[in-house]
Amino acid sequence: MTVTIRRVLCVLPLLLVAVVAVRQREVLAEGLGLVTTARWPWLLAAAVLTCLTWPAAACTRQGAVLERLPGRRLVAAQFAAGAANHLLPTGLGASAVNLRFMTVCGMSPARSSAALALYLLAESIGRVGLLAALLVAFPDALPFGSLLPDEAPAGPFLAAGAVLVLVVGGLAALRRVRTVVAGFLRTALGEARSVHARPARALALWGGALAFPALQAGALVLVARAFGLAVPSAHLAVAYLAATVAVALVPTPGGIGSVEAALVVALVAAGGAAAVATAVVVFRLLTVWLPLLPGALTLAVLVRMKVI
């Protein structure tokens, strides 16, 4: 039974890639057609920055745990996790891959979950902190007023907030849930203190958390230059970070569709013109679609090798 399940898991990522590719075939065809019109040196530089995002993610993952993880397998796991992240909603794929990887490396489920929570916290703080720093340095980079509707309905937001409060309150009333949450928080805080007691781990954690969104934003800047988009580099970086922060809670696999729409809106607000949609399509082709198949193959190989 276990062997059968593992074989299914080896084939499943490839099937999901095929399904996503068929559903998005028009976007893929458009992106591949636009690549031929770009200036290749800029695209190659953007591809290099994209490849560096996986070692940056591996650095952050290593910084979140005390144990030394196998370096090559860790980077390969991040490459595979990127593919899984684009096939499942809201980061569930990457989280599942990394939880399994840490468990196979000998960490307990509780410590693996604590390390994952620390990674997600550092990644979020790094992305939002980098955006805030750029907005302070370049306050006119993105006019947020133009991104918001004149009369935003408050009813849906209030209803969602009320539902969230009721759900959290109901769960907090259950003693077993309180016990589990308290145990997890104790483990997570203990892991965080232990990691920050070692300067090398803290540097890897926060350095990687800042490097990852910076590399992604840099790739967008280089793609924009490949198509001659006349927007300052800092404004492009702010637009990208603002768009990704805005769609962080949208439950679509890897932000497919939502990120593209948010990027177009943010880049137009930042001063982009007709080449905005072209740059966004090619950027997503470079950072999402081209690595998707090799990432799924890597995921299948890691499952077969019992690395995850």
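Here, residues in each chain are numbered from 1, in the same order as that chain's written sequence. With pLDDT at 70 or above as the cut-off, local features in this predicted model cover only qualifying residues; side-chain atom pairs require 80 or more to be listed or tallied, and sums for whole chains, interfaces and linings still use all residues. Only hydrogens and water are set aside; all other atoms, that is, all heavy atoms of the structure, feed into the side-chain values.

**Student:** Please explain unusual backbone geometry as it appears in this structure.
**Tutor:** Negative phi is the rule for most residues except glycine; trans is the rule for most peptide bonds. The phi dihedral of Lys306 is positive, around 65 degrees, even though this residue is not glycine. Structurally, the position occupied by Lys306 is in the segment after helix H12 (276-304). Secondary structure counts use DSSP, requiring at least four H or I residues in a row for a helix and at least two E residues in a row for a strand, with both numbered from the N terminus.

**Student:** Explain a nonpolar patch on the surface here, please?
**Tutor:** The residues that make up patches have over 30% relative accessible area and no salt bridge, and they are joined within 9 Å when like-charged or within 5 Å when they are Val, Leu, Ile, Met, Phe, Trp or Tyr. Surface accessibility follows the Shrake-Rupley procedure with a 1.4 Å probe radius. Residue values consider only the protein chains on display as shielding. The term salt bridge refers to a side-chain nitrogen of Lys or Arg lying within 4 Å of a carboxyl oxygen of Asp or Glu. A surface patch of nonpolar side chains, about 240 Å² in accessible area, is lined by Val181, Phe184 and Leu185. Given a relative accessible area of 32%, Phe184 falls into the partly exposed group. Each residue gets one of three labels from its accessible area relative to the maximum for its type: buried under 20%, exposed over 50%, partly exposed in between, using a 1.4 Å probe on protein chains only.

**Student:** It is not clear to me how the environment of Gly208 should be interpreted in this structure. Could you clarify?
**Tutor:** For Gly208, the position within the fold is in helix H9 (residues 199-226). Owing to a relative accessible area of 3%, Gly208 belongs among the buried residues under this scheme. Counting along the chain gives 155 residues from Gly208 to Thr53, while the straight-line C-alpha distance between them is 8.9 Å. Any pair of residues with heavy atoms lying within 4.5 Å of one another is described as a contacting pair. In this structure Gly208 touches Ala56, Thr60 and Leu203, once residues within four positions along its chain are discounted.

**Student:** Looking at this structure, how should I read helix H10 (residues 233-246)?
**Tutor:** Residues separated by three or four positions in an α-helix point in the same direction, a consequence of the helix having 3.6 residues per turn. Expected helix span is given by 1.5 Å per residue-to-residue step, counting one fewer step than there are residues. Along its 14 residues, H10 runs 20 Å from first to last C-alpha, staying within 8% of the 20 Å computed at 1.5 Å per residue. Most of H10 is tucked away, with eleven of its 14 residues classed as buried. Of the residues making up H10, those classed as buried are Ala234, His235, Leu236, Ala237, Val238, Ala239, Tyr240, Leu241, Ala242, Ala243 and Thr244.

**Student:** Would you take a moment to explain the packing of aromatic side chains for this structure?
**Tutor:** Between two aromatic rings, the relevant description is the distance of the centres plus the angle of the planes. Here a Phe, Tyr or Trp ring, Trp counted by its six-membered ring, pairs with any other such ring whose centre lies within 6.5 Å, and the pair is stacked when the planes are under 30 degrees apart, edge-to-face when over 60, and tilted otherwise. Applying the stated rule across the entire model yields two aromatic pairs. Judged by centre distance (4.7 Å) and plane angle (70 degrees), the rings of Trp54 and Phe79 are edge-to-face. Here Trp54, found in helix H3 (residues 40-63), pairs with Phe79, found in helix H4 (residues 71-87); they are 25 residues apart in sequence, far enough to count as distant. Under the relative-accessibility criterion, Phe79 is labelled buried at 19%. Centroid distance Tyr240 to Phe283: 5.6 Å. Interplanar angle 80 degrees. Geometry classified as edge-to-face. Placement of the pair is Tyr240 in helix H10 and Phe283 in helix H12, with a sequence separation of 43 residues. Per residue, the accessibility class of Tyr240 equals that of Phe283, and both read buried.

**Student:** Would you explain the side chain of Asn98 in this entry?
**Tutor:** Along the chain, the position of Asn98 falls in helix H5 (residues 92-104). For Asn98, a relative accessible area of 2% puts it in the buried group.

**Student:** I keep staring at the pattern of salt bridges and nothing clicks. Help me out?
**Tutor:** If charged atoms from side chains of opposite charge come close, those side chains can pair. Counted by the stated rule, this structure contains three salt bridges. Between Arg111 and Glu191 there is a salt bridge, with the nearest N and O atoms lying 2.7 Å from each other. One end of the pair, Arg111, is in helix H6 (residues 109-137); the other, Glu191, is in helix H8 (residues 175-196), with 80 residues separating them in the sequence. For the pair formed by Arg111 and Glu191, the shared burial category is buried. Here Arg127 makes a salt bridge to Glu123, at a shortest N to O gap of 2.8 Å. Pair noted here: Arg127 and Glu123 are both in helix H6, with a separation of four residues, about one helical turn. Residue classification places Arg127 among the buried residues on the basis of a relative accessible area of 10%. Connected through salt bridges with shared partners, the residues Glu67, Arg111 and Glu191 form a single ionic network.

**Student:** What is the right way to look at the confidence of the model for the chain in this model?
**Tutor:** If pLDDT is low for a region, its predicted coordinates should not be looked at in detail. Values of pLDDT, which run from 0 to 100, indicate the predictor's confidence residue by residue. Per-residue confidence for the chain gives a mean pLDDT of 79, with 71% of residues at or over 70. A low-confidence stretch, residues 146-152 (pLDDT under 50), is modelled with five contacts involving residues beyond four sequence positions or located in other chains.

**Student:** It is not clear to me how the packing of H9 against H10 should be interpreted in this structure. Could you clarify?
**Tutor:** For any two helices packed against each other, the geometry is given by the interaxial angle and the distance between the axes. To get an axis, a line is fitted to the C-alpha atoms, and for a helix only the part in contact is used. The angle between two axes follows their N-to-C directions and goes from 0 to 180 degrees. Put simply, H9 and H10 touch, their axes get as near as 9 Å, and they point 125 degrees apart. Here H9 is positioned oblique relative to H10, judged by the angle of their axes. Two packed elements cross with a definite hand, and for H9 against H10 that hand is right-handed. On H10, the residues that touch Pro213, Gln216, Ala217, Leu220, Val221, Ala224 and Arg225 of H9 are Ser233, Leu236, Ala237, Tyr240 and Leu241. For this classification, the nonpolar set comprises Ala, Val, Leu, Ile, Met, Phe, Trp, Tyr, Cys and Pro, the charged set comprises Asp, Glu, Lys and Arg, and every other residue, Gly included, is treated as polar. Each residue belonging to the contact of H9 with H10 can be placed in one class, and the counts come to nine nonpolar, two polar and one charged. Relative orientations are named as follows: roughly parallel for angles under 35 degrees, roughly antiparallel for angles over 145 degrees, roughly perpendicular for angles from 65 to 115 degrees, and oblique for any other angle. Here is the rule for handedness: rotate from the far helix to the near one, and if that takes an anticlockwise turn smaller than a right angle the crossing is left-handed, while a clockwise turn gives right-handed.

**Student:** What is the right way to look at H9 in this model?
**Tutor:** Helix length check: H9 (28 residues) gives 39 Å between terminal C-alpha atoms against 40 Å at 1.5 Å per residue, within 8%. Backbone geometry just downstream of H9 places Gly228 in the positive-phi region, at approximately 70 degrees.

**Student:** Explain the nonpolar core here, please?
**Tutor:** Nonpolar side chains tend to gather and get buried jointly when the protein is soluble and globular. Remark: nonpolar core denotes a set of buried residues (Ala, Val, Leu, Ile, Met, Phe, Trp, Tyr, Cys) joined through side-chain atoms within 4.5 Å. Formed by 42 residues in total, the largest nonpolar core has its most connected members in Leu43, Val223, Leu236, Tyr240, Leu263, Val282 and Phe283. In terms of residue count, the dominant contributor to this core is H12 (ten residues). Residues Leu74, Ala80, Val195 and Ala209 belong to the second largest nonpolar core, which totals 27 residues.

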